[in-house]
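# Descriptive analysis of the structure
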Amino acid sequence: MNALVYNDRGCSERFRLEPSSFKNLKCLLFKNPSILDGFGEKKIIRKCFACNKDKIVAVCEICVVRFEDDSGEIKTITLSNNESYDIQTAIYKLNSIIKDCMCL
Ligand SMILES: [Zn+2]
């Protein structure tokens, strides 16, 4: 399912959340997310935001994300594999003020 990370600047990015994670969290909107910790390193292929070329980037296999839920409560969730890669990319894009080409 699609979930959303967003911030106070009005920026948002979609990412994929497994139904099992949603069952635990009961939340699809992650406000002001940050990565608290990460374990393991994995190289994945992602499209560059700017020029759309495939690019190899390093991400954590497991990451711990802190965010605010709909009611403003601070929560943390540990995500792994595809969910982990996806939310890391989404948070990176969210926090990139200039959407630069990553290939430079
Ligand atoms: Zn590029």
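Now for a description of the structure that goes with this document. Owing to the predicted nature of the structure, the values given are computational and were not obtained by experimental measurement.

In this section: the overall build of the chain. A tally of regular secondary structure across the chain gives two helices and five strands. What you see in the chain, going N to C, is helices and strands ordered as β-β-α-β-β-β-α. The C-alpha radius of gyration of the chain comes to 13 Å, within 12% of the 13 Å expected for a compact globule of 104 residues. The C-alpha extent of the chain, read off along each of the three principal axes, is 40 × 30 × 25 Å. Relative to its 104 residues, the chain shows a buried fraction of 19%. Within the chain, residue pairs in contact and separated by at least 24 positions form 58% of the contacts whose partners lie at least 6 positions apart.

On to helix 2 (residues 81–95). Taking 1.5 Å of rise per residue, 15 residues should cover 21 Å, and helix 2 covers 21 Å from first to last C-alpha, within 8% of that figure. Residues of helix 2 that are buried include every one of Glu83, Ser84, Tyr85, Asp86, Ile87, Gln88, Ala90, Ile91 and Leu94, and no others. Where the residues of helix 2 are buried, they touch strand 1 (2–6), strand 2 (12–16), helix 1 (19–25), strand 3 (29–47), strand 4 (54–68) and strand 5 (74–80).

Now for the sheet that holds strand 4. The pairing of strands in a sheet happens through backbone hydrogen bonds and is either parallel or antiparallel. The strand order 2-1-3-4-5 describes an open sheet built from five strands, whose pairing is mixed. Only two strands of the sheet have a single neighbouring strand rather than two, namely strand 2 and strand 5. Within the sheet, the average angular offset between the axes of one strand and its neighbour, ignoring direction, is 40 degrees. In the sheet, strand 3 pairs with strand 4 via 13 bridges, with the strands oriented antiparallel. In the sheet register, Asp37 faces strand 4, and the bridge partner there is Val64. Strands strand 1, strand 2, strand 3, strand 4 and strand 5 of the sheet are contacted by helix 2, whose axis makes an angle of about 90 degrees with strand 4.

Conventions we followed
- Residues numbered from 1 in each chain as written.
- Predicted model: local features only at pLDDT ≥ 70, side-chain atom pairs only at ≥ 80, totals over all residues.
- Helix = DSSP H or I, 4+ residues; strand = E, 2+ residues; numbered from the N terminus.
- Rg over C-alpha atoms; globule rule 2.2 N^0.38 Å.
- Buried ≥ 20, exposed ≤ 12 C-beta atoms within 10 Å, placed from the backbone.
- Contact = placed C-beta atoms within 7 Å.
- Expected span 1.5 Å × (residues − 1).
- Pairing = 2+ DSSP bridges.
- Axes fitted to C-alpha atoms, helices over the stretch in contact; angles between N-to-C directions.

Note that every value here comes from positions in space, so none of it alone points to a role or purpose.
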